[in-house]
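Each chain, letter by letter, is given below.
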Amino acid sequence: METDSIRLLTWITTLICGLWAADDTLFLRRKMEQLGLRNIETTRLWFSDHKQRSHREAPNSIEVRFSYKGEKFSLALSTPAPILHPSADIVSLSDRSSVRWTDVHPNCFLTGTVTSHPGIASFSVCDQVIGIIKADGYKLHVQSLSEYPSGQNIPVLIGQGKNDSTSCRSHTEEKLAMEGHKRSRRAVTSRNITIETAVYTDAAYTKSMLVSDFSKRLQHILLKYHAVQMEWSRFDELGYHVKIVLKKVHFYESDPSWYNASTTLLGHVLSTFCEATKNDGQFDIRYMHVGLPNLDVLGRAYQNSVCDQTYNCAVDRSTDAASFAATAHEIGHLSGRKTCLWEENIPTQNVPQNLADVILNPSIPGQTYSPDQVCELKFGAGYRFRKYPKLDVCVQFSCANHNRAQSNYGQMFKETTSIFGMYCDKSKICFKMGCVEASTAKLSHLVEREGGWSQWGPWTGCTRTCGRGINYRKRKCDNPAPINFKGCNGDGYEAESCNIEPCPNDSSDQTTLRNQRASETCKKLRDNDVINPDLYNETGSRYSDTDHGQCEVSCDSTPGHTTPSFTRFGFMPDGVTCVGGSDPWDRDDWPRKSGSYYMCLDGLCQRFGCDNKFNGKVYDECGVCGGDNSSCAVVSKTDTEQQSKGDRRTIAYLPAGAFNIQFWFKYSAMNKNFVEIWDKTGQSVLASMFSGKFDTRNDPVVFAGTRWYFYFYTQFLHAKGPLTESCEIKLFQNDVNNNVGVNFIYSEPKSVSFDCDFEDTDCGVTMNGFVKDTYGSLKILESPNKADFGESFVYIASLSSDKDGTILTSNITGKSHPQCLAFNYYLKGVGSNITVAWESKPSDVIGWTGNPNLSGMVCAVFSISTLEVDKILIKGVTKAADQGAIVLDNIKLFPDTGKFCNAQEACTRDVFSTTTLKPIDTTSGSSSTTARPTTPSDKLNKMLILGIAIGCFVLVILVVVFAWCSCFKPVDQQGTHCRVKVFSKKDSRSQLTHLEDIQVYIENHPDYDVENCPDYD
């Protein structure tokens, strides 16, 4: 029974305590709402290494963790230096009395940084836990649910204050100097800044604190100014040590007679406050916190008047419990000049004489440090300045970690304003979030210093094992750092792509592949606790489509979480493609592009050349990477000839072999004009008004061995080539808009350095072993003799040794384009042979070796697909034991047009050979040799077999063949060769294609002895 009574009593006590706790929570929530807070949540503060502390004492250092709106926050706090002067005048004033503070100054505050987000925090742990946190878009107020909390787990309410755009940053920077920048020889620069402050609250603000206890009001003001101190202390990293000292704190419970509580103009409050308190004492700043409703602006201050006892005052109306930014901001407005900030005030009579005339001038960060140095001073070595992709450089920036070896490589920390005084253009600096002339910021005679490079760092090695990585090294522009100068001349990177083979799971779609790479970064950031895995997934995408934003990632947030504005995560992996440069031909992949492409390198979108190196080579006009335009001929014109509506006119003839072809004009100026393609027979290939094709970008027209891309709206037509046949490009005018200029350009193979037959001169030929001689035109070539030949190159082995002979052409400097090499040759001797190769690579036979034991001159033709700056080597080898002999004739090299590179056309000038059927062209990109000359008996057998075969199927053809054969004399059965002159294309007699015409010609030229052959074609 007794036990049950105890249990009942315990249950009742717990219930009553719970109701009280619930009532306290509700009361505190309403109180926080009255203070202007919203999104209030109940949570717990987790204190690490928490030790029991006495009232009004703070621990030396502590780590705090909590959750709010689904995000995890962590703080690193420590006990700050006191900001309340030991002899500060602290008074609470009413219209009836005044109460002066005489108790011990509270020393129960913690300040520090937000380690999970960029930000700062200020806490009071006097009677209860009260905190102010400003972090990455959040402005939070924290308050515990009971007084004197203890333990490591403290229940609190957290509310969010109103976000405003006010920041002390730009004005904090401006405080560093506004005039007197020329130092005298005795000038020194102090970096210790002390701001001696007098603080006032009007009756409305005093009431808004919702506490009547004097000590709690003082704690409220000290908490706010500790936060202001933390905001300013961020400039410690720039070498400036800002210290705020409160020497006067006056709480007005009722407004003084000089105060106008009915005004709606904060400027009026400022002016009356300054006038009324100007004789209150020597202070750097006088500051009033105003609680009046319906005022026009958030804060007011006199610019750059920190040491002027008439105008060194500021006011703001921010009663938000979590607000301190307005106060820091207005102090920044005041702190622009004068010397009273640099140390605490010393009575003039106590200043040593040797310091009396010393001018203490501040330094402007952007005029002292480069942007990269500012980031290194703030975050450590290897951090670099990074602008936002779509914001002006003077608006906002981040500091990015470029230390590849660190786990948070690529992490970026957001800064809310730019660096005051930073170079932004020629003779311009960043001032008040704009790029302005230096004179606007009251600066003159800017000193320009060009930056210099440091030593190169080590090579990274390939940054990926597959999917295109980059091997690079870099150097810093800090030797010296540039001031009022864009940077260093030259490149900060040396790099080349590597391991370009796709990874096994890489997508072929570029957008999907880019997202795959972005997700790699997000996963690393999560795994290394750089981003909160509770708030962000492993997946991501490109941060921006502009500038270097293409090489940043945006990680996907988890359901229910909204990523704060301007949040930046990390770098896109190296090797991801991006869009850069200003050349539209590169961007749109036109044939005459430079060959440049852009990839992410160390978080930056950088250009790589056609040689796959950073800032590497470009294609010349001939499409040669790093070339000098010497290997082709370029045709570039603008057609402006006028025509009428409905006219169709040829504007360009493109020869076979033309390549890198581009036509374009401004369609808006020539609406309803169209470029068209017509083949050499007059048939349309692409004519939009006939075919209805207006856009072939995704479905190119295939013609003449290449793909043609056309788009009517921007009116371009281009093809890579080379063309396998000629064609015409026409302009069709379908309306009244006249031709204002059609641009076109293409390249064609340049003639090689020689195109000759070597018959009359050496034509750049060097001979070794071969001799040039003549032969008799009527002699059969079965047993050559030097006296019997016309002009040819002859080598006959001696009886004593084996011999070889060579012929070398002059240097070839032609375009890498198909060429024909042709010559007649004769071989005698079992071991005799001919090879054709490059002089520099004699073992690399171009594609043919001569056949031995030929009984007559035979034609050899090569289609050489790639010319080089080299020499062609024709080498003949023969053996003395076999009385070998080699004859070469009609050696020619000329462009291959696709039509004439064959034995019939190339090898027939002034050559007598055994009559045979016209050889079939079998070159087509490879070597060919005509068949061995046939004998008359061979031809008779073939004719009989052919006649029988044809007679079985077509009787009429037999009759015609019989009638035709009966017109000629029978074949000589004694083996006499029937010979006929074969004419070359270059010979004027080449038009004599009928037998009767040939006979008439021969009668007029008795020096030629020609017999008619029954199988002559």
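Residues numbered from 1 in each chain as written. Predicted model: local features only at pLDDT ≥ 70, side-chain atom pairs only at ≥ 80, totals over all residues. Heavy atoms only, no water.

## Some details on the sheet that holds strand S32 (residues 659-664)
Okay, so step 1: Within the open sheet, the six strands sit side by side as S30-S39-S32-S37-S36-S35. Their pairing is antiparallel. Sheet topology places strand S30 (632-639) and strand S35 (701-703) at the edges, where each strand pairs with a single neighbour. Taking each pair of neighbouring strands and ignoring which way they run, the sheet shows an average axis angle of 15°.
Okay, so step 2: The pairing of S32 with strand S39 (residues 742-749) spans four bridges and is antiparallel. The residue bridging Trp 664 from the neighbouring strand is Asn 743, located in S39. (Pairing = 2+ DSSP bridges. Helix = DSSP H or I, 4+ residues; strand = E, 2+ residues; numbered from the N terminus. Axes fitted to C-alpha atoms, helices over the stretch in contact; angles between N-to-C directions.)

## Remarks on the state of the cysteines
Okay, so step 1: On inspection of all chains with the given rule, the structure shows 13 disulfides.
Okay, so step 2: Covalent S-S linkage joins Cys 551 and Cys 600, the inter-sulfur distance amounting to 2.1 Å. Residues Cys 551 and Cys 600 are joined by a disulfide whose S-S torsion is about -90°; by sign, that bridge is left-handed. Note that Cys 551 is positioned in the loop between strand S24 (536-542) and strand S25 (552-557) and Cys 600 in strand S28 (residues 597-601), a separation of 49 residues in sequence. Pair check on accessibility: Cys 551 and Cys 600 agree, each one buried. (Disulfide = S-S within 2.5 Å. Buried < 20%, exposed > 50% of the residue type's maximum accessible area, 1.4 Å probe, protein only.)

## Regarding the nonpolar core
Okay, so step 1: In this structure, Leu 45, Phe 66, Leu 75, Ile 90, Phe 123, Ile 133 and Leu 246 are the most contacted members of the largest nonpolar core, which totals 64 residues.
Okay, so step 2: At ten residues, helix H4 (residues 214-233) tops the list of elements feeding residues into this core.
Okay, so step 3: The contact partners of Phe 123, leaving out residues within four places of it in the chain, are Leu 45, Leu 75, Leu 77, Cys 108, Phe 109, Leu 110, Val 129, Ile 130, Gly 131, Ile 133, Val 142 and Leu 223.
Okay, so step 4: Counting residues in each nonpolar core, the second largest holds 29 residues, with Phe 663, Ala 704, Phe 744 and Tyr 746 among its members. (Core = buried A, V, L, I, M, F, W, Y, C linked by side-chain atoms within 4.5 Å. Contact = heavy atoms within 4.5 Å.)

## Topic: the pattern of salt bridges
Okay, so step 1: Using the criterion set out here, one finds 30 salt bridges in the structure.
Okay, so step 2: Of the charged contacts, one joins Glu 253 and Arg 217 as a salt bridge, the two residues approaching to 3.0 Å between their closest N and O atoms. A residue pair is termed long-range when its members are at least 10 positions apart, and Glu 253 in the loop between strand S12 (241-252) and helix H5 (266-277) and Arg 217 in helix H4 qualify at 36 residues.
Okay, so step 3: What makes Arg 217 buried here is its relative accessible area of 8%. (Salt bridge = Lys/Arg side-chain N within 4 Å of Asp/Glu carboxyl O.)

## Concerning the sheet that holds strand S18 (residues 412-415)
Okay, so step 1: With antiparallel pairing, three strands are arranged side by side in an open sheet as S16-S17-S18. Two strands bound the open sheet, and with one partner strand each, they are strand S16 (383-387) and S18. Strand-to-strand, the axes of this sheet are offset by a mean angle of 30°, without reference to chain direction.
Okay, so step 2: One ladder, built from five bridges, connects S16 with strand S17 (residues 397-401); its direction is antiparallel. Looking across to S17, one finds that Tyr 383 is bridged to Asn 401.
Okay, so step 3: The sheet strands contacting helix H9 (residues 371-379) are S16, S17 and S18, and the helix crosses S16 at an angle near 125°.

## Focus on the packing of aromatic side chains
Okay, so step 1: In the structure shown here, the tally under the stated rule is 37 aromatic pairs.
Okay, so step 2: Plain terms: the ring middles of Trp 101 and Phe 214 are 5.5 Å apart, the flat faces sit at 90° to each other, and that makes the pair edge-to-face. Here Phe 214 lies in helix H4 and Trp 101 lies in the loop between strand S5 (98-100) and strand S6 (109-114), a separation of 113 residues in the sequence. Both residues of the pair, Trp 101 and Phe 214, belong to the buried class.
Okay, so step 3: Taking 5.1 Å as the distance between ring centres and 80° as the angle between the ring planes, the aromatic pair formed by Tyr 536 and Phe 569 counts as edge-to-face. Of this pair, Tyr 536 sits in strand S24 while Phe 569 sits in the loop between S25 and strand S26 (570-571); the two residues are 33 residues apart in sequence, bridging distant segments of the chain. Of the two residues examined, Tyr 536 and Phe 569, each falls in the buried class.
Okay, so step 4: Members of the aromatic cluster, each reached through a chain of ring pairs, are Trp 585, Trp 590, Trp 664, Tyr 667, Phe 674, Phe 694, Tyr 711, Phe 712, Tyr 713 and Phe 716.
Okay, so step 5: Note that Arg 648 overlies the ring of Phe 732, its terminal NZ or CZ placed 4.2 Å from the centroid.
Okay, so step 6: When the ring centre of Tyr 711 is taken as origin, the NZ or CZ atom of Arg 697, which lies over that ring, is 3.7 Å away. (Phe/Tyr/Trp six-rings, centres within 6.5 Å; stacked < 30°, edge-to-face > 60°. Lys NZ or Arg CZ within 6 Å of the ring centre and 35° of its normal.)

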